[in-house]
Amino acid sequence: MLVVRRDGTAAGPVSVDYAISGGDAEPGADFAGPDAGSLTWADGDGQPKTLEFDIENDGLAESAESFTVMFSNPSGATFTGNTTATVTIAANAAANAAPVAVLAQASPSPRTRV
């Protein structure tokens, strides 16, 4: 699971596109989930959104693997930091934890980060 937060005020609608890009984890073999789409927040919605990925057991003895989620085309918000989030699949499935990405609120709200 990747948690995506809207930072700053919850005033105004916000959306952002996302797509899986790169990494050494193979879709369909190491993980399953959405490969692209959009996340949207309605006016007043400050709740985090999640992208859920199922970890697949491909039966191979491997070290940790990862893939990248790229964010683009923000509407109603701006990026003030990274536009990617790296999801690492630990070699030990019990060690997997959800990373968090942050989408900044549109001006004139306080300066925030991604």
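Colleague: How should the sheet that holds strand S7 (residues 65-75) be read in this particular structure?
Modeller: Adjacent strands of a sheet pair through backbone hydrogen bonds, lying either parallel or antiparallel. Taken in spatial order, the four strands line up as S4-S2-S7-S9 in an open sheet, and their pairing is antiparallel. In the strand order of this sheet, the two ends are held by strand S4 (36-41) and strand S9 (84-89), each with one partner. Across the sheet, the mean angle from the axis of one strand to that of its neighbour is 30°, orientation sign disregarded. Examined bridge by bridge, strand S2 (residues 14-23) and S4 share six bridges and lie antiparallel to one another. Each residue of the ladder has a partner; that of tyrosine 18, found in S4, is glycine 37.

Colleague: Just to check I follow, could you spell out the nonpolar core for this structure?
Modeller: The tendency in soluble globular proteins is for nonpolar side chains to be buried as a group. Counting residues in each nonpolar core, the largest one holds 18 residues, and the members touching the most others are Leu2, Leu39, Leu51, Phe53, Phe67, Val69 and Phe71. Not counting the four nearest positions on each side in its chain, leucine 51 is found in contact with Met1, Leu2, Tyr18, Pro34, Leu39 and Val69.

Colleague: What's the story with the confidence of the model for the protein chain in this structure? I'm lost.
Modeller: Low-pLDDT portions of the prediction should not be read for the details of their coordinates. In the predicted model, the protein chain carries a mean pLDDT of 80, and 77% of its residues have values of at least 70. Counted against residues more than four places away or in other chains, residues 104-114, with its pLDDT under 50, gives 37 contacts.

Reading the values: the criteria
- Residues numbered from 1 in each chain as written.
- Predicted model: local features only at pLDDT ≥ 70, side-chain atom pairs only at ≥ 80, totals over all residues.
- Heavy atoms only, no water.
- Pairing = 2+ DSSP bridges.
- Helix = DSSP H or I, 4+ residues; strand = E, 2+ residues; numbered from the N terminus.
- Axes fitted to C-alpha atoms, helices over the stretch in contact; angles between N-to-C directions.
- Core = buried A, V, L, I, M, F, W, Y, C linked by side-chain atoms within 4.5 Å.
- Buried < 20%, exposed > 50% of the residue type's maximum accessible area, 1.4 Å probe, protein only.
- Contact = heavy atoms within 4.5 Å.
- pLDDT = per-residue confidence, 0-100.

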